[in-house]
Amino acid sequence: MLWDPEALDSLDDAAIGDVLQSWASFCDCTDALLCGRGDLSAGADLVPLVATLCGYGLCSLVQDHFLHSLEELFKSNAVLKFWKHFDAFSDASKLGTTDFQENWTEEVLSKSLEEICLEKHYQEKCLLMLVHALQSFDESITDEKMKIQDYRSSLTSKYQLMVSSILLTTVPMHFPGILRSYFKEKLEELSNMMAVGPEEDGCEFQFSNNRLGQPSQRPIGVGEMDIDTCYHGSTFAKNNTLVNNIGKVVCDLRNLGFTSMTEDAYASSILLLLKHKVHDLAGDDYRTPVLGSIKDWIQAVPLQFLHALLVYLGDSPAQDDESSGLKSPLASSPSYPGIEMPSEGLVRWQLRLEYFAYETLQDLRIGKLFEIIVDYPESSPAIEDLKQCLEYTGQHSKLVDSFISSLRYRLLTAGASTNDILHQYVSTIKALRTIDPTGVFLEAVGEPIRDYLRGRKDTIKCIVTMLTDGSGGNSTGAGNSGDSLLEELNRDAENQESADYDDDTNLDDKQAWINAERWEPDPVEADPSKGSRNRRKIDILGMIVGIIGSKDQLVNEYRVMLAEKLLNKSDYDIDSEIRTLELLKIHFGEGSMQKCEIMLNDLIDSKRTNANIKASILQPPAPGSEQEETCLSLDHLDSTIISSNFWPTIQAESLNIPTAVEQLLSDYARRFHEIKTPRKLLWKKNLGTVKLELQFEDTSMQFTVSPMHAVIIMQFQEQTSWTSKNLAASIGVPIDTLNKRINFWISKGVLAESVGSDSDNHIFTIVSDMVDPNKTGINNTRCEGILAMDEECERSVASVEEQLRKEMTVYEKFIVGMLTNFGSMTLDRIHNTLKMFCVAEPSYDKSLQQLQNFLSGLISEEKLEMREGLYILKK
Amino acid sequence: MKVKILKWHAVASWTWDAQDETCGICRMAFDGCCPDCKFPGDDCPLIWGACNHAFHLHCILKWVNSQTPQPHCPMCRREWQFKA
């Protein structure tokens with residue numbers, strides 16, 4: 001059918017007339033046919049005209065003209081009308097009111113689609129007439145059946161292309177929005193339907209899907225326009241009218257060339273629905289795993305919907321699968337209820353939806369990770385979910401970034417107590433250990449916390465408290481994560497045993513080979529500067545100690561704390577301390593805990609010695625009844641005997657003990673000397689605890705107090721009123737110490753304070769008639785006594801800082817000397833010089849940090865000055 | 001008012017009543033223990049020689065056993081004899 005100029009030359013006038021006449025009547029006939037509104041009778045005339053024109057080789061012209069007229073008509077008739085339907089929507093959205101009547105979109109959409117499809121259908125029929133005409137011409141001149149098919153497919157595809165290009169060029173802005181809202185509505189309806197009766201509805205749903213599957217096994221693209229006539233209303237069960245309707249709409253849209261737009265629209269609305277669902281299910285509840293139910297939901301609603309839709313659209317299951325070979329990812333998953341073999345499209349959809357669900361859930365959880373970790377042990381299901389999500393999406397770095405920023409914002413602030421930070425740190429370690437066993441991300445997250453904690457003064461103290469508190473069965477602080485640290489110690493102990501086994505050098509070659517084979521590279525996110533996984537074993541205690549820097553500091557702090565605890569014990573019950581110490585020994589090594597062990601041993605020895613001394617009183621001096629009232633016997637005295645060299649520095653205060661007690665003490669010491677010759681006892685009179693009873697005329701009260709308090713109150717036996725100066729002199733303590741301590745009795749209402757003649761010299765008087773509130777409080781006083789004692793912060797053991805300070809004062813001379821010689825020095829230089837020269841007793845063994853602390857102490861005492869990082873002597 | 005002591009739990013430290021601070025052999029404190037011992041006190045006692053010099057028992061025994069035929073006190077070189 002090429003245009004052939006030679007052919008034109010060969011035509012004579014008659015032929016030209018014939019052509020012109022046929023062409024004119026062909027045009028008329030075409031118009032008549034197309035505008036005939038369902039009247040296809042004109043089509044019959046078409047055959048001879050087409051034959052004539054084709055006879056002259058004008059076949060392509062005929063086709064072009066016909067298509068052109070179709071296009072014009074379609075454009076003027078159908079398209080304009082079609083878009084007009086949606087004008088209301090655009091008006092509404094301009095005004096900002098999107099609330100139509102419920103089924104507005106559905107009605108309009110299906111109605112308009114039906115209309116335009118009808119139009120298109122009619123035009124296609126006209127096209128078929130032309131095809132028929134061309135075909136019959138071809139048949140008349142040749143026997144080649146091949147060409148017939150040619151006409152039909154080429155013309156229809158041309159027509160299809162034309163339709164979609166017209167529509168796509170004229171599509172108004174708001175049309176995708178309409179589609180989305182339509183699908184959203186429908187899907188919500190569907191999901192509600194599933195939610196109401198998932199059992200019955202689901203079953204029927206699936207059942208009809210099965211039936212649907214059978215007739216749909218025909219290749220796509222051959223007769224798309226026939227689909228609705230084929231299936232429409234034939235196979236759908238009543239319950240499935242919804243999917244049916246949607247399918248029809250999708251089908252129509254596809255028919256008009258909106259395939260990708262439609263797909264976008266329902267994809268986005270499915271994803272939106274899924275997102276809502278995830279948010280709905282996950283919410284703020286971290287105590288239940290949700291991933292499973294989300295997956296179920298994906299199976300139950302969107303996948304079923306998509307399956308029905310794909311089947312409806314003629315995407316055949318089963319068949320595709322064998323050719324595509326895409327069995328791998330989900331071939332093993334048998335979970336397609338009611339669908340024997342998933343089609344490739346469905347598998348893709350499932351992967352897509354699941355990925356989206358994972359990502360949504362992950363984002364949700366990461367956003368709330370801080371809260372999740374706050375209630376960690378309870379929220380472990382959420383952590384588990386998050387782990388699975390991250391395994392799937394691999395967006396760990398997102399977690400790290402977001403978590404670090406929320407840490408900085410919420411935890412690492414001046415308002416948070418060190419204890420809280422430590423607890424959160426421990427929970428973080430535990431939670432992230434679940435998510436990522438390699439510890440790469442934990443490392444990144446832990447860094448800011450560690451840095452921050454290093455800047456806090458009470459970190460060590462808090463850690464030691466966490467380590468030791470809650471030990472023993474009688475811990476009162478339930479839910480305190482101190483327990484968990486102790487547990488961690490325990491677990492660590494178990495691990496240690498197995499680790500020892502692992503480190504065994506006698507590994508045979510086979511085992512070594514297995515280990516080597518098990519090697520895996522670090523995750524890509526790992527920071528290469530941080531060493532390999534082997535060194536990155538996640539060990540909570542190790543990480544906690546890592547905050548402090550060295551275990552020595554921790555051990556030292558523990559020793560001070562232990563000393564404090566042991567000295568305030570009035571019984572010799574140290575079971576829990578022994579247990580804690582054993583655990584600590586496993587972790588920190590026997591050597592560093594040696595002193596603590598001696599301290600505990602002292603307590604055990606004291607108990608024995610105490611018993612021995614008591615036993616040495618062969619016969620208690622005949623207990624006269626009146627004697628027992630006044631005199632104290634050795635039965636009333638217990639003692640803790642310590643090896644002072646191994647205890648932290650103990651603060652000694654002089655104290656004049658009442659003679660009765662003094663005698664008792666020396667008697668006790670004498671007996672000790674007898675038993676343990678040539679050892680002697682040196683009393684630390686200000687230490688220990690005294691349990692005493694105050695006897696008033698009508699009432700009595702019991703207290704457990706320190707010896708100092710006891711001595712103070714005993715002074716009031718002989719004399720009901722003391723001035724502070726006299727009292728201090730009589731007890732043998734400085735006056736300010738007395739004033740501090742005596743507050744305890746004042747707060748108990750036992751003593752009353754009044755200002756005497758001299759403003760410094762207060763008068764304390766015994767309160768003879770105890771006021772009511774104390775009477776009622778009698779029961780409580782016993783326990784309060786100890787509390788009050790602690791509150792007063794009266795420490796029997798020098799704190800670590802004080803100790804350090806004492807040790808460092810030795811070097812003060814050196815430092816001052818150095819600075820006099822050199823003028824100014826940096827911290828490093830002072831440190832190195834001290835290391836170099838102070839090798840003799842006591843050799844310099846402090847850390848840079850400790851030196852810095854000491855130097856800043858000197859600065860605050862105005863002995864030194866610091867300028868631009870240089871230390872200078874203050875003149 | 002009267003004060004009745006129900007229990008007095010006192011704290012004391014023990015000391016070997018040696019005149020010196022540290023053992024002349026190991027240079028460790030008398031109230032501590034010799035380098036071989038873990039616990040001070042009963043486990044690592046002191047011993048006095050006839051010359052009145054005190055040492056950790058373990059320290060002086062090692063010394064005495066290494067000195068043949070006649071051990072001397074490491075401090076005063078007098079013949080070593082345990083104080084009765």
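Residues numbered from 1 in each chain as written. Chains lettered and ligands numbered in written order. Predicted model: local features only at pLDDT ≥ 70, side-chain atom pairs only at ≥ 80, totals over all residues. Heavy atoms only, no water.

Where an unreviewed UniProt entry is consulted, chain B appears under the name Anaphase-promoting complex subunit 11, with the organism given as Musa acuminata subsp. malaccensis. The UniProt entry for chain B carries the following comment under Pathway (unreviewed entry): "Protein modification; protein ubiquitination." UniProt lists a comment for chain B under the heading Sequence similarities (unreviewed entry), and it reads "Belongs to the RING-box family." (UniProt positions renumbered as here; feature names shortened; annotations may be inferred.)

Looking at an unreviewed UniProt entry, one finds chain A named Anaphase-promoting complex subunit 2, with Musa acuminata subsp. malaccensis as its source organism. As its UniProt record puts it under Sequence similarities (unreviewed entry), chain A is described as follows: "Belongs to the cullin family."

S.K.: Just give me the short version of the overall build of chain A, but keep the residues and values in it.
M.R.: The helix and strand inventory of chain A stands at 39 helices and nine strands. Each of the 875 residues in chain A was classed as buried or not, and the buried ones make up 45%. Counting only contacts in chain A whose residues sit at least 6 apart along the sequence, the fraction spanning at least 24 positions is 74%. For chain A, the exposed surface amounts to about 44,400 Å²; the carbon and sulfur share of it is 52%. (Helix = DSSP H or I, 4+ residues; strand = E, 2+ residues; numbered from the N terminus. Buried < 20%, exposed > 50% of the residue type's maximum accessible area, 1.4 Å probe, protein only. Contact = heavy atoms within 4.5 Å. Areas by Shrake-Rupley, 256 points an atom, 1.4 Å probe, with all protein chains shown as cover.)

S.K.: I'd like a description of the pattern of salt bridges, backed by residues and values.
M.R.: Tallied over the full model, the rule gives 24 salt bridges over all chains. The partner of Lys-38 of chain B in a salt bridge is Glu-590 of chain A, and the shortest N-O contact between them spans 3.4 Å. Linking Lys-38 of chain B in the loop between strand S1 (2-16) and strand S2 (46-48) with Glu-590 of chain A in the loop between helix H28 (575-588) and helix H29 (594-616), this pair reaches from one chain into another. Note on Lys-38 of chain B: relative accessible area 36%, which makes it partly exposed. (Salt bridge = Lys/Arg side-chain N within 4 Å of Asp/Glu carboxyl O.)

S.K.: If you had to explain helix H20 (residues 396-410) of chain A to someone new, which residues and values would you point to?
M.R.: All names here are of chain A. Taking 1.5 Å of rise per residue, the 15 residues of H20 would be expected to cover 21 Å, and the 21 Å separating its terminal C-alpha atoms lies within 8% of that figure. Within the span of H20, buried status applies to His-396, Leu-399, Val-400, Phe-403, Ile-404, Ser-406 and Leu-407. Residues of H20 that are buried in the fold lie against helix H17 (344-367), helix H18 (369-374), helix H19 (380-393), helix H21 (418-435) and helix H22 (440-454). (Expected span 1.5 Å × (residues − 1).)

S.K.: Tell me about the packing of aromatic side chains, and please be specific about residues and values.
M.R.: Residues and elements named next belong to chain A. Counted according to the given criterion, the structure contains ten aromatic pairs over all chains. Note on Phe-744 and Trp-745: the rings are 4.9 Å apart at their centroids and 70 degrees apart in plane angle, and the pair reads as edge-to-face. Within the aromatic cluster, the residues linked to one another by ring pairs are Tyr-355, Tyr-358 and Tyr-392. (Phe/Tyr/Trp six-rings, centres within 6.5 Å; stacked < 30°, edge-to-face > 60°.)

S.K.: Residue-level account of the packing of helix H14 (residues 302-312) of chain A against H17 of chain A, with values.
M.R.: Between two packed helices, both the angle of their axes relative to each other and the distance between the axes serve to describe the pair. Residue and element names in this part refer to chain A. Close contact between H14 and H17 brings their axes to 10 Å; oriented N to C, the two are set at 155 degrees. Relative to H17, the element H14 is oriented roughly antiparallel. With respect to the hand of their crossing, H14 and H17 are arranged in right-handed fashion. Within the contact between the two elements, H14 uses Pro-302, Leu-303, Leu-306, His-307 and Leu-310 and H17 uses Gly-345, Leu-346, Trp-349, Gln-350 and Leu-353. Its residues assigned to classes, the contact of H14 with H17 comprises seven nonpolar, three polar and no charged. (Axes fitted to C-alpha atoms, helices over the stretch in contact; angles between N-to-C directions. Parallel < 35°, antiparallel > 145°, perpendicular 65-115°, else oblique. Left-handed = near helix turned anticlockwise from the far one by under 90°. Nonpolar A, V, L, I, M, F, W, Y, C, P; charged D, E, K, R; others polar.)

S.K.: So what's going on with the pairing of strand S3 (residues 700-705) of chain A? Residues and values would help.
M.R.: Residue and element names in this part refer to chain A. With six bridges joining them, strand S2 (residues 679-695) and S3 adopt antiparallel strand pairing. Considered in S3, the bridge of Leu-692 is made with Phe-703. If you look at the hairpin formed by S2 and S3, you'll find four residues sitting between the two strands. (Pairing = 2+ DSSP bridges.)

S.K.: So what about the interface of chain B and chain A? Which residues, and what values?
M.R.: The partner chain A presents 53 residues to the 27 residues of chain B that form the contact. Buried surface at the junction of chain B and chain A, both sides included, amounts to about 4,000 Å², of which 58% is carbon and sulfur. On the chain B side of the interface with chain A, the three residues burying the most area are Met-1, Trp-8 and His-9 of chain B, jointly 23% of the side's total. Here chain B and chain A share five salt bridges between them. A salt bridge links Arg-679 of chain A to Asp-42 of chain B; the nearest nitrogen and oxygen atoms lie 2.2 Å apart. Take the side of chain B that touches chain A: its biggest share by element is 15 residues, from S1 of chain B. (Buried area = accessible area lost by both parts, 1.4 Å probe.)

S.K.: Give me the lowdown on the sheet that holds strand S6 (residues 762-766) of chain A, citing residues and values where you can.
M.R.: Sheets are built from strands paired through backbone hydrogen bonds, the pairs being either parallel or antiparallel. All names here are of chain A. Pairing is antiparallel in the open sheet, where three strands are placed in the order S4-S6-S5. The sheet is open, and its two edges are formed by strand S4 (721-723) and strand S5 (751-755), each paired on a single side. For this sheet, the mean inter-axis angle between neighbouring strands, taken without regard to orientation, is 25 degrees. When S5 meets S6, the two strands line up antiparallel, connected through five bridges. Paired with Ser-754 across the bridge in S6 is Ile-763. With respect to the sheet, helix H33 (residues 724-731) is in contact with S4 and S6, its orientation differing from that of S4 by roughly 90 degrees. Each of S5 and S6 touches helix H34 (residues 735-748); the most contacted strand, S5, lies at about 125 degrees to it.

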